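Read off the chains here:
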Amino acid sequence: MPDEDLVELKFRLYDGSDIGPFRYSPASTVAMLKERIVTEWPKDKKIAPKAANDVKLISAGKILENNKTVGQCRIPFGELPKGVITMHVVVQPSLAESKNRKEGG
């Protein structure tokens, strides 16, 4: 695949630090991005996702769905010159974990 087709993304964490930038194919799914975020998550952070389902990705004010591709998510950015697109990362513990905390506490 030609390099110019790749999309460069970085992921902004809750404390303002970033993961990336990394280059992705427009065919990469949001679920694939989330897996990479979990793998690359800095070990020194107090809040960390345990799995990709704990991560929400936000781009252009919208929560991205796992089955969408990078190409589908970047439609508003399609006219921008080559640059890094920043997506915001929110860590949301799984529902099972939240229920256990409420019942135990």
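Anything mentioned here points back to the structure above.
Computed from a predicted structure; not experimentally measured. (Residues numbered from 1 in each chain as written. Predicted model: local features only at pLDDT ≥ 70, side-chain atom pairs only at ≥ 80, totals over all residues. Heavy atoms only, no water.)

## Here we look at the overall build of the chain
And then number 1: Check the secondary structure of the chain and you find three helices and five strands.
And then number 2: For the chain, the α and β elements follow one another from N to C terminus as β-β-α-β-β-α-β-α.
And then number 3: Every one of the 105 residues in the chain was classed for burial, and the buried ones make up 29%.
And then number 4: As displayed, the chain has an accessible area near 6,900 Å², and 52% of this comes from carbon and sulfur atoms. (Helix = DSSP H or I, 4+ residues; strand = E, 2+ residues; numbered from the N terminus. Buried < 20%, exposed > 50% of the residue type's maximum accessible area, 1.4 Å probe, protein only. Areas by Shrake-Rupley, 256 points an atom, 1.4 Å probe, with all protein chains shown as cover.)

## Overview of the packing of aromatic side chains
And then number 1: For the structure shown, the criterion picks out one aromatic pair.
And then number 2: Ring geometry for F11 and Y24: centres 6.4 Å apart, planes at 70°, overall edge-to-face. Here F11, found in strand β1 (residues 7–12), pairs with Y24, found in strand β2 (residues 18–24); they are 13 residues apart in sequence, far enough to count as distant.
And then number 3: Overall, the relative accessible area of 8% leaves Y24 in the buried class. (Phe/Tyr/Trp six-rings, centres within 6.5 Å; stacked < 30°, edge-to-face > 60°.)

## A look at the pairing of β2
And then number 1: Sheet topology places β1 next to β2; five bridges connect them, and they run antiparallel. Along β2, the bridge assignment pairs F11 with I19.
And then number 2: Taking the residues between adjacent antiparallel strands as the criterion, β1 and β2 are bridged by five residues, where G16 takes a positive phi near 95°. (Pairing = 2+ DSSP bridges.)

## Thoughts on unusual backbone geometry
And then number 1: Going from G20 to P21, the amide bond is cis rather than trans, its omega being 15°.
And then number 2: Structurally, P21 can be placed in strand β2.
And then number 3: A positive phi angle is found at A60, which is not glycine, with a value near 55°.
And then number 4: Looking at the element boundaries, A60 is found in the loop between β3 (55–59) and β4 (62–63).

## Concerning the sheet that holds β1
And then number 1: What the five strands build is an open sheet, ordered β2-β1-β5-β3-β4; its pairing is mixed. Bordering the open sheet on either side are β2 and β4, each of which pairs with just one other strand.
And then number 2: Contacting β1, β2, β3 and β5 (84–91), helix α1 (residues 30–40) crosses the sheet at an angle of about 115° to β3. (Contact = heavy atoms within 4.5 Å. Axes fitted to C-alpha atoms, helices over the stretch in contact; angles between N-to-C directions.)

## Considerations on the environment of V30
And then number 1: Turning to its location among the elements, V30 is positioned in helix α1.
And then number 2: Classification of V30 as buried rests on a relative accessible area of 1%.
And then number 3: Each C-alpha atom, one on V30 and one on Q72, is 9.8 Å from the other, the two residues being 42 residues apart in sequence.
And then number 4: In contact with V30, not counting residues within four places along its chain, are L57, L64, E65, N66, K68 and C73.

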